[in-house]
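# Inside the fold
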Amino acid sequence: MEPKDAIYTRRSVRSYLPEPLDAAEISKIEGWIRDAKRLTSDPVEYDLLGPDDIKTILKWRAPHYVSIYSKDDMMSGVNVGFVFQQVDLKMQSEGIGSCWLGMAKPREPRPRDGLEWGVSMSFGRPDGYPEVDKGADRKPLSEISDTADPRLEPARVAPSAVNSQTWYFRKNGEGFDLYYKPKILKIPGMSYWNYNDLGICLAHLYVSHPDTFSFERAQGKDRKYVGTVRF
Ligand SMILES: Cc1cc2nc3c(=O)[nH]c(=O)nc-3n(C[C@H](O)[C@H](O)[C@H](O)COP(=O)(O)O)c2cc1C
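In short, a report on the structure. The structure displayed is predicted, hence computed values, not measured ones. (Residues numbered from 1 in each chain as written. Predicted model: local features only at pLDDT ≥ 70, side-chain atom pairs only at ≥ 80, totals over all residues. Heavy atoms only, no water.)

### Brief notes about the overall build of the chain
Broken down by element type, the chain carries six helices and ten strands. Radius of gyration (C-alpha) of the chain: 17 Å, near the 17 Å computed for a compact globule of 231 residues. When the backbone C-alpha atoms are referred to their principal axes, the chain occupies close to 50 × 40 × 35 Å. When burial is assessed residue by residue, the chain has 54% of its 231 residues classed as buried. (Helix = DSSP H or I, 4+ residues; strand = E, 2+ residues; numbered from the N terminus. Rg over C-alpha atoms; globule rule 2.2 N^0.38 Å. Buried < 20%, exposed > 50% of the residue type's maximum accessible area, 1.4 Å probe, protein only.)

### Here we look at the packing of aromatic side chains
What the rule picks out here adds up to nine aromatic pairs. Judged by centre distance (5.9 Å) and plane angle (35 degrees), the ring pair of Tyr16 and Trp60 falls under tilted. Note that Tyr16 is positioned in the loop between α1 (3-9) and α2 (23-35) and Trp60 in the loop between β2 (54-55) and β3 (64-70), a separation of 44 residues in sequence. A relative accessible area of 8% places Tyr16 in the buried class. Where Phe82 meets Tyr206, the ring centres are 5.6 Å apart and the plane angle is 40 degrees; that geometry is what we call tilted. Here Phe82, found in helix α3 (residues 74-93), pairs with Tyr206, found in helix α6 (residues 190-208); they are 124 residues apart in sequence, far enough to count as distant. (Phe/Tyr/Trp six-rings, centres within 6.5 Å; stacked < 30°, edge-to-face > 60°.)

### Quick look at unusual backbone geometry
Of note, Val162 is a non-glycine position whose phi angle comes to about 40 degrees, a positive value. Within the element layout of this structure, Val162 appears in the loop between α5 (153-156) and β7 (167-172). The exposed category is assigned to Val162, whose relative accessible area is 60%. Positive phi, normally seen in glycine, also occurs at Asn163, with a value near 50 degrees. Within the element layout of this structure, Asn163 appears in the loop between α5 and β7.

Below you can see the structure in the form of structure tokens.
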């Protein structure tokens, strides 16, 4: 399967076989991280960790985790979502299960110049695969945009923290202005994960239109404006 098809079939995998992936698969994944397109030049770093290196209240474990570091401003979080959703789609298109995790911190975060741990992603061989419901648990296009344009379908089905889907698209010529439309959820860390969500939905537009995708940030728009996307 191609990553652009995985947009419609992927689900968060929360049940894994305990066996680790082999070294060749891990190095392939590191290549995907390295080669993923960046949305901004904000720095992103990561560590690959095992289940014993993670602190989490979750009852299940995966054989692998990627623990991701960035600055905590909006565009750094958006860039993290954009980069690692490309990796999520690559994994899921090759039968590797994955799940974005706010609730899985490294036991010993590695201090890095001005960068903080922000989010993790579990991965490994799935033990069964969750039911695919083709986006039935997502908001309809009319709730995520001012023009229910079917070209936004890949963004509509994107995953987000607690499935909050805090994105809103306004038509702007041939493109769309993307806005952050937060839900008030008193969960510490939620704003950063919502920034990841915005990058995740942009990654779905990029992976579906790699040749025509462009993203820019116009000046003088309001605080909730993320950028203008064309594809
Ligand atoms: C930034 C982010 C953080 C997330 N954190 C968690 C988490 O801590 N625990 C968890 O079980 N799922 C987590 N998820 C997974 C979402 O709950 C899931 O993507 C969403 O419910 C949509 O389901 P799907 O991925 O199966 O399409 C997170 C997703 C994102 C994008």
